[in-house]
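Letter by letter, the chains look like this.
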Amino acid sequence: EIFSLLISTIFIVEASSDILSTFSSPTTSFAKALLTLTIAFTTFSTSAILKSLRNTPYFTKTIRNNISNFAPTLGVLAGSILAKWAAHAHGSYATLPALSIPSSTFATTSGRPWIVPLLQLPLWARLASFFPALMATVLLFLDQNITVRVVNNPQYKMTKGRRGNHNRSNVLDGMHADMLIISFLTAATSLVGLPWLVAATVRSISHVRALSKFNEQGQIVGTIEQRVTGMAIHALIGSCVLFSKPRALLTQVPLPVLMGLFLFLGTSALPGNEMFERIKALFQEKYSSGSSDTTSSTQRKTFRWTNKVPTKVVNYFTLLQVACLYAMFWVKSSPVGVLFPIIIAMLSPLRFALEKYNVIDKKYMDILDSD
């Protein structure tokens, strides 16, 4: 919960900071800053409104679902078209910076050989790299596992990828097989100096929600489990790397559109996160079981811990999570950011310490921290 909320927070904070920084930039006029805000808001609001179309009575169910599934794409198109219209109507005064992508073919940026010459490093440097490598390993391991567990949340009612409760230690189990492949890919990309591959939390959540099946009440009843969309996504990414025309098309996307898209991705991953729901509950009016305000009572969501865990314990647990979230965000943005994996690794011992030293009763912790 904390890590997933951290990723969403990073998306939201970074996108918001990029938008607001245009107002304080000495090289950007106030009019262009307002245009940046307008384009970003257009992308965000279009994506959010079309995404929520699924739960409205408009059009047919098939049309609603298709529009909802492609809401981010339509939002990007809306923002890009508006930016192009502004640039066409007002010239350079309204021309916004666009995504910068190398126009050359797939090659190393410095012209170095593809295989990184590791043996040219001094012996002490090769030995000293063990410590940052260890922290990077912890980060990749936790990032992969946390994202996979978030995506495999029981609310999505997925059945494939696991080999059953009796045989989950098998290496061919979905989670073990993913980690095995990730380890091979990490070793290979390290040798050629390419970025490491690991599950992306926010985009993975957006993907599985786009594949979710809903009933008339808007509740998830299952997930379309297939490999077509994943293969298509990475085929398109590969085409942008290998071919010039897809790259040229991406360079037409203004940066404010990407800011609005990241803002949407960050906010769209928040619903369903139980920590986020408990944070909202901190600011909501509390009602007793005998409350006469039936309208407000019926509008409140009920969760696993509702009427099972005292409100004081729920709030205490939530504030501890918020403190951990703040610590992780601060370390990530500080000069000691290299210690970020250690902070993540300490979350698990902290959780068991709360239970061991009876800070939170075990029966309450099992409810608050269950899958």
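Turning next to helix α16 (residues 347-356). Quick reminder: α-helices carry 3.6 residues per turn. Residues three or four places apart thus point the same way. Considered for burial, the residues of α16 that qualify are Leu347, Arg351 and Leu354. Seen end-on, α16 carries its buried residues on one side only, within an arc spanning 60°. Contact partners of the buried residues in α16: α1 (2-24), α14 (311-333), α15 (340-345) and α17 (362-368). Remark: Asn358 follows α16 within two positions and exhibits a positive phi of approximately 60°.

Attention now goes to the side chain of Arg351. Relative to the assigned elements, Arg351 resides in helix α16. When residues no more than four places from it in sequence are discounted, the contact partners of Arg351 are Met365, Asp366 and Asp369.

Let us look at the side chain of Arg247. Looking at the secondary structure, you find Arg247 in helix α10 (residues 244-250). For the buried Arg247, no salt bridge is present, and the opposite-charge side chain at shortest range is Asp18, 22 Å distant. Within the structure, the side chain of Arg247 is placed 2.9 Å from the backbone oxygen of Val241, a separation counted as a polar contact.

Over its 22 residues, helix α6 (residues 130-151) runs 31 Å from end to end, which matches the ideal 32 Å to within 8%, given 1.5 Å per residue. Of all the residues in α6, the buried ones are Met135, Ala136, Leu140, Leu142, Asp143, Gln144, Asn145, Thr147, Val148 and Val151.

Put simply, the protein has an average pLDDT of 83, and 91% of its residues get 70 or more. Taking the mean pLDDT of every element in the protein, the minimum, 46, falls on helix α13 (residues 294-299) and the maximum, 93, on helix α2 (residues 30-51). Every residue in residues 294-298 scores below 50 in pLDDT, and together they form three contacts with partners more than four places removed in sequence or on other chains.

Our next topic: a nonpolar patch on the surface. Where nonpolar side chains cluster on the molecular surface, the patch consists of Phe106, Trp114, Ile115, Leu194, Ile233, Ile237, Val241, Leu242 and Phe243 and spans about 830 Å² of accessible area. Mapped onto the elements of the fold, Ile237 is located in helix α9 (residues 228-242). Residue class for Ile237 comes out partly exposed when judged on its relative accessible area of 47%.

We now examine the environment of Gln217. Along the chain, Gln217 falls in the loop between β1 (212-214) and β2 (220-223). Assessed through its relative accessible area of 62%, Gln217 is described here as exposed. Put simply, Gln217 and Asn55 are 162 residues apart on the chain and 7.8 Å apart in space, counted from C-alpha to C-alpha.

Here the focus is the pairing of β2. Note: β1 against β2, three bridges, orientation antiparallel. Across the sheet, the residue bridging to Lys213 is Gly222, located in β2. What sits between β1 and β2 in their antiparallel hairpin is a turn of five residues, with Gly218 showing a positive phi close to 80°.

In this section: the packing of α6 against helix α8 (residues 201-210). Closest axis-to-axis distance for the α6/α8 pair is 10 Å, and the angle between their directions is 20°. One finds that α6 runs roughly parallel with respect to α8. Crossing hand, α6 versus α8: right-handed. Judged by residue contacts, Asp143, Thr147, Val150 and Val151 of α6 engage Thr201, Ser204, Ile205 and Val208 from α8. When its residues are assigned to classes, the contact of α6 with α8 shows four nonpolar, three polar and one charged.

Glancing now at the nonpolar core. Counting residues in hydrophobic clusters, the biggest one holds 38 residues, and the most contacted among them are Ile2 and Met328. The element that contributes the greatest number of residues to this core is α1, accounting for seven residues. Residues in contact with Ile2, not counting those within four places in the same chain, are Met275, Gln321, Cys324, Leu325, Met328 and Leu347. Counting 11 residues, the second-largest nonpolar core is a separate cluster that includes Val314, Ile360, Tyr364 and Met365.

Moving on to the packing of helix α3 (residues 61-69) against helix α4 (residues 71-90). Viewed as axis vectors pointing N to C, α3 and α4 meet at an angle of 65°, and their least axial separation amounts to 4 Å. The segment α3 lies against α4, with Ile67, Ser68 and Asn69 engaging Ala71, Pro72 and Leu74. Residues belonging to the contact of α3 with α4 are distributed by class as follows: four nonpolar, two polar and no charged.

Of note, Phe59 is a non-glycine position whose phi angle comes to about 60°, a positive value. You can see Phe59 is positioned in the loop between α2 and α3. One non-glycine residue, Lys157, lies in positive phi territory at about 55°. Among the structural elements, Lys157 can be located in the loop between α6 and α7 (174-192). What makes Lys157 partly exposed here is its relative accessible area of 45%.

Reading the values: rules and limits
- Residues numbered from 1 in each chain as written.
- Predicted model: local features only at pLDDT ≥ 70, side-chain atom pairs only at ≥ 80, totals over all residues.
- Heavy atoms only, no water.
- Buried < 20%, exposed > 50% of the residue type's maximum accessible area, 1.4 Å probe, protein only.
- Helix = DSSP H or I, 4+ residues; strand = E, 2+ residues; numbered from the N terminus.
- Arc of directions from axis to C-beta.
- Contact = heavy atoms within 4.5 Å.
- Lys, Arg positive; Asp, Glu negative; His and termini not counted.
- Salt bridge = Lys/Arg side-chain N within 4 Å of Asp/Glu carboxyl O.
- Polar contact = N/O pair within 3.5 Å; in protein donor to acceptor, adjacent residues only side chain to side chain.
- Expected span 1.5 Å × (residues − 1).
- pLDDT = per-residue confidence, 0-100.
- Patch = residues over 30% accessible without salt bridge, like charges linked within 9 Å, V, L, I, M, F, W, Y side chains within 5 Å.
- Areas by Shrake-Rupley, 256 points an atom, 1.4 Å probe, with all protein chains shown as cover.
- Pairing = 2+ DSSP bridges.
- Axes fitted to C-alpha atoms, helices over the stretch in contact; angles between N-to-C directions.
- Parallel < 35°, antiparallel > 145°, perpendicular 65-115°, else oblique.
- Left-handed = near helix turned anticlockwise from the far one by under 90°.
- Nonpolar A, V, L, I, M, F, W, Y, C, P; charged D, E, K, R; others polar.
- Core = buried A, V, L, I, M, F, W, Y, C linked by side-chain atoms within 4.5 Å.

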